[in-house]
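# Summary of structural features
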Amino acid sequence: MIYFDNAATSRPKPNEVIEAFNYYITEVGTSPGRGSYGLAIQASRMLYQARNTVARFFSISDPSNVVFTKNSTEAINLFLNGYLSVGDHVLISPYEHNAVLRPLETLKNKGVIEYTVLPKEVIDGKEEIDKHARPTTSLLILTLASNLTGQIVFSPKLVEAAHSLGIPVLVDASQGAGKKLIDMEKNGIDFLAFTGHKDLLALPGVGGLLSQKALRIAPLIQGGTGIHGESYVNPQAFPDAYEAGTLNMPAIWALKASLEYLEAHLDSITSKETELIRYFFERLEPIKEVTIYNKQYERVPTFCFNIKDIPSSTVVEMLSKQQICVRGGIHCAIKAHEAIGTVGTGAVRVSLNYTNTKKEIDEFINIIKEAI
Ligand SMILES: Cc1ncc(COP(=O)(O)O)c(C=O)c1O
């Protein structure tokens, strides 16, 4: 089996991640903030250590500005529903995932906000952001990398341009966070959402919302926080106010291990992936029946293409029969398809990571050639 769907969920996970998960469930197995006996206190300490590691990884100075959620979808929903208010206007890149688009569209349909999808030209640096900003614009949202084309969308220049107009920036780092070190402080990123199970090499069930300054927005959900149980609503204690319900501590502990793994191995991961990007292009580009939609080398190792006018679902099925896992269709990114002109056809997506090999790419290319 060849796994080329790392943009959906990365696999396999590093041994360190599996060991941390096993350690937590076998040796600790309790929940933070839910008791005063030794093991519960140990769980709280481990949560604190994990928060510190996340803060260090993304470069924010205060670990209490790390809110754990179950994934980036929840983090983005928490942020948009709490932060935006009636009359606000939001700018988004054309590469945003449904995790951004759908909460915004829902708020728009309720009459709360309006939003504008920026043209591709702004992201390519060929047009100015202020053409699309309004006096009511209160947020710019940028994905770190496109989950469809692998293009790096976030750029410090766009952040600067937004800030010069007084507009804060939310980065959706679901794609690319483990591949490109993202320094929130240096890049002036105000808010960031991440998910553990993709490029961060951790498990499903953990993500987070980070902010440079203390968040003071309404929580998305109400419930038990382990503190101030006498209060009828979530306490004004942060980040606890946003983390009602029992946290997925085994996944949080495994996330700490994955971030440490990435910190230790980022250079070798980057050089392996850069080599695979080059090789993938070297093998796929000469096939004239194939249209590749983003040919930049400066990217994450996610590629999207079509073969002649064959529906992407047919290509995916054919590869699946040969034990090659890739994805077709729209990939929860309809605006990105509008931007690259593939709404009608969808596209085949291959997403590699450092665990893939040139031999796997060769096998994939041979099957594609046979199919043409
Ligand atoms: C760019 C982007 N944002 C958000 C998400 C949502 O991630 P999750 O399902 O882990 O919340 C994805 C998942 O594919 C994504 O690619």
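The structure under discussion appears in the preceding block.
One structure accompanies this document, and this report is about it.

Calculation notes
- Residues numbered from 1 in each chain as written.
- Predicted model: local features only at pLDDT ≥ 70, side-chain atom pairs only at ≥ 80, totals over all residues.
- Near = placed C-beta within 6 Å.
- Nonpolar A, V, L, I, M, F, W, Y, C, P; charged D, E, K, R; others polar.
- Pairing = 2+ DSSP bridges.
- Helix = DSSP H or I, 4+ residues; strand = E, 2+ residues; numbered from the N terminus.
- Axes fitted to C-alpha atoms, helices over the stretch in contact; angles between N-to-C directions.
- Right-handed = clockwise from strand over helix to strand, strands pointing away.

### A short note on the site of the ligand
Contacts to the ligand come from Asn71, Ser72, Thr73, His97, Ala99, Thr143, Asn147, Asp172, Ser174, Gln175, Thr195 and Cys332. A class-by-class count of the residues in the shell around the ligand yields two nonpolar, nine polar and one charged.

### Quick word on the sheet that holds strand β9 (residues 290-292)
If you walk across this open sheet you meet the three strands as β9-β10-β12, and the pairing is antiparallel. Every interior strand has two partners, whereas the edge strands, β9 and β12 (348-351), have only one. Strand-to-strand twist in this sheet, taken as the mean axis angle between neighbours without regard to direction, amounts to 35 degrees. Pairing of strand β10 (residues 302-307) with β12 involves four bridges; the strand directions are antiparallel. Within β12, the residue paired with cysteine 304 across the bridge is arginine 349.

### Observations concerning the pairing of strand β3 (residues 88-92)
A regular strand places its side chains so that they alternate between the two faces of the sheet. Two strands pair when backbone bridges link them, and β3 and strand β4 (residues 113-117) are joined in this way by five bridges, in the parallel orientation. Residue pairing in the sheet places leucine 91 in a bridge with threonine 116 of β4. With helix α4 (residues 98-109) bridging β3 and the parallel β4, this β-α-β connection has right-handed handedness. Bridge analysis of β3 against strand β5 (residues 137-143) gives four bridges, and the strand direction is parallel. What sits directly across from valine 90, in β5, is leucine 139.

Geometry only, nothing functional implied.
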